[in-house]
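So you can see what is in the structure, the chains are spelled out below.
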Amino acid sequence: MLIIGTLLLVLYRQLVTEQQAQVRQHLLSEAQRYQQLSLTVDRRAFAAQIRASDSRTALIAWQGGVEMVGSLTLMPENMPLLPNTREFPIFTGGPEKLHILTGGVVMTRYGPVLIATRTDHLAALIDKFVSAALTALALTIVLALVVGYLFSKGLLSRLVHYNRLSERIEKGYYNTRLPVSGKQDEFDLLAAQFNRVLDTLEHNLHAVRGVTDNIAHDMRTPLSHLRIGLEQLPYQPPERLAERCGELTDELDHCLATFNAMLSLTRIEEGQQALELQPVSLHDLCADLREMAEALAEERQQTLTLETNEDYVVSGDKHLLFQALFNLVDNAIKYAGEGASICIRQRGGSIEISDNGPGIPEAAREKVFERLVRLDPSRHEQGSGLGLSMVKAILSRHHATINLTDNQPGLKVILNFPRA
Amino acid sequence: MKILLVEDDATTQEYIVKGFLEQGHSIETAADGQQGLMLATTGQFELLILDRMLPGLDGLKLLAALRATGDQTPVLILSALSHVDERVKGLRAGGDDYMTKPFAFSELLVRAEKLMQRGQSQPAKTDLRVGPLRMELLTRTVTLNEEELLLQPKEFLLLKYLMEHANQVVSRTLLFEAVWDYHFDPRTNVIDVHIAKLRRKFEDLGHGELIETIRGAGYRLRKGY
């Protein structure tokens, strides 16, 4: 609105200035003509020329002696010398009695000559322009108000709708989603983003529910063993007492370790745990890994081989990285079965841990990274079920990737560390 | 040997005091940070056992204040916080060792005695003897009743640690730390498997019973059969 107003104002100013410049130019050229005329002709011829002048081009008046010569019967007072001009009114006998003239005086050999031109048509033009502009402005205002009202009514109704939906979410209906129209406007982008946040939240809520159920399952067994054990402890024969207490302590330690692992996992995942960064050689990690795990493999008549090629040094927390790698190898040993062959292969920033055991079906390969998820529903193998979640969290803190692939047969875990 | 224990939990305090008294150590206690710092700076102690979370003055702050006075008494930090970075924080603040609650007293004893021995300069040993076992540290040879035991490097380290703590129960955590330079809970029987291999070599020479398994606690090397 303001812009339109300003534009019109500028246009108006330009129009007026332009017209004024034209008038002045016209008057000046007329003045020049009469000035030169006065130098070439005598007084009478000059008067004749003035009398003969066309009043449509310019109105000329000359005080030739006692009477006025020219279109005007009297010389207005205080007329400025051209190129300065001023407006003055005159009366005529015609239908439109009052006219507005613009003019100035030029000095010639025979005295001052008034040169003027009618400018009332100009004023009329400007008046017309102004009224047209005002009408346009008024129309624009009305139109803008109408459009604005309709537009904001649309926005407001969408906001009200969003608000109602968010109240639903607040009440616990986490499957609520905001509508996204095909218009792809800012509101749709906002709604889509909001929906993505809701997706993540809902997924996490489900995960937490799953974790809670799994904790209950995982803890119930050792805790009920403990309960039974404590209850029976007074009736144990004295020579069995020490051993029985030891067994119960083991059960309790298992529960505590699971709790500790859960806490550590959360801290690593959320980035609360500060990493103790230092240069870590992947070759050395793998060599230590094999040395530690070899005895475990031997116990199950498995072979554990190590192949390394071009060392690679990453900046990382060696304790956490070793924990992650050990976990993967330990899993391979646990699940590949008796007599399997397991291989740790390190080449530059890539580490592969492969076995020829039963592997993991493709559909389950993402699931194993979730907390407390174990593919064996009976949970036979001892473990917290947090291992792979921990592995993933540790690797992602080190910007490394992990992929589970088919080793045909068996499982191949591929880790890739970023270029330093 | 005199120990100062700064611990606000009465049950834990009683458990630790009883344990050290039974082992013939003398021990004093403080139940909050201020009192602990007072005692630590005025008394003569060979070891400070410090709880991480204390009323009044936090354990790490107490430690920092103590170290600021130039006091170099060995400090063992006890904490319910088991995260690796907590351990690092404790050691950076001037702690000499870090232990997570809950713990077995036998492990605390081993760690405490190790810290107290550090102050005394001992001639570097070249061999260890426990009953019929003999370990030459320079040549890395181990004999049992004059018969040589062929050990792999990690088995050698395990046995060395057991021999240094003969007749004491050593936990899996302690053995793990002694052999591998990684701090984490492997959550698997990796130590048991290595001990089992070591024990088989003892059995081959007819003395498998020298390495005892103590359920719920760890292992113990017997001084004789």
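Structure first, text after, so check above.
In short, a report on the structure. These numbers come from a predicted model, not from an experiment.

Turning to the interface of chain A and chain B, a few remarks are in order. Frequently, the measure chosen for interface size is the accessible area removed from exposure when the parts meet. Taken together, the contacts link 31 residues of chain A with 26 residues of chain B. When the two sides are added together, the surface that chain A and chain B hide from each other amounts to roughly 2700 Å², 57% of it contributed by carbon and sulfur. Its largest share of buried area at the contact with chain B, chain A owes to Glu-291, Met-292 and His-319 of chain A, together 21% of the area lost on that side. Where chain A packs against chain B, one counts five salt bridges.

In this section: the layout of surface pockets. All names here are of chain B. Counted as a void, the second largest pocket has a volume near 890 Å³. In this structure, the second largest pocket is lined by 31 residues; those nearest its centre are Lys-114, Gln-117, Tyr-161, Glu-164 and His-165. With seven residues, the top contributor of residues to the lining of the second largest pocket is helix α5 (residues 105–118). In terms of residue class, the lining of the second largest pocket is made up of 12 nonpolar, six polar and 13 charged.

Let's shift gears to the packing of helix α7 (residues 318–336) of chain A against helix α8 (residues 387–397) of chain A. Residue and element names in this part refer to chain A. It is the contact of α7 with α8, at a shortest axis distance of 9 Å, that shows an interaxial angle of 140°. Looking at the two axes, α7 sits oblique to α8. Our pair here, α7 against α8, has a crossing hand that is left-handed. For the pair α7 and α8, contact is made by Leu-320, Leu-321, Gln-323, Ala-324, Asn-327, Leu-328 and Asn-331 and by Gly-387, Leu-388, Met-390, Val-391 and Ile-394, respectively. Partitioned by chemical class, the residues of the contact of α7 with α8 number eight nonpolar, four polar and no charged.

Residues and elements named next belong to chain B. If you walk through the whole model with that rule in mind, you get 38 salt bridges over all chains. A salt bridge links Arg-111 to Glu-107; its shortest N-O distance comes to 2.9 Å. One end of the pair is Arg-111 and the other is Glu-107, both in helix α5 and four residues apart, which spans about a single turn. Since its relative accessible area comes to 4%, Arg-111 is described here as buried.

What follows is about the packing of aromatic side chains. Aromatic ring pairs are defined here through the distance separating the ring centres and the angle between the ring planes. Residue and element names in this part refer to chain A. Per the stated rule, a full pass over the model turns up eight aromatic pairs over all chains. On the basis of an interplanar angle of 20° and a centroid distance of 6.4 Å, the ring pair of Phe-322 and Phe-326 is categorised as stacked. Here Phe-326 and Phe-322 lie together in helix α7, a separation of four residues that amounts to about one turn. Here the two residues Phe-322 and Phe-326 agree in accessibility, since each one is buried.

So, how was this worked out
Residues numbered from 1 in each chain as written. Chains lettered and ligands numbered in written order. Predicted model: local features only at pLDDT ≥ 70, side-chain atom pairs only at ≥ 80, totals over all residues. Heavy atoms only, no water. Contact = heavy atoms within 4.5 Å. Buried area = accessible area lost by both parts, 1.4 Å probe. Salt bridge = Lys/Arg side-chain N within 4 Å of Asp/Glu carboxyl O. 1 Å grid on protein atoms, 1.4 Å probe; cavity = no way out; pocket = protein on both sides within 12 Å on 5 of 7 lines; lining within 4 Å. Points joined across faces, edges and corners; volume = space filled by probe spheres on them. Helix = DSSP H or I, 4+ residues; strand = E, 2+ residues; numbered from the N terminus. Nonpolar A, V, L, I, M, F, W, Y, C, P; charged D, E, K, R; others polar. Axes fitted to C-alpha atoms, helices over the stretch in contact; angles between N-to-C directions. Parallel < 35°, antiparallel > 145°, perpendicular 65-115°, else oblique. Left-handed = near helix turned anticlockwise from the far one by under 90°. Buried < 20%, exposed > 50% of the residue type's maximum accessible area, 1.4 Å probe, protein only. Phe/Tyr/Trp six-rings, centres within 6.5 Å; stacked < 30°, edge-to-face > 60°.

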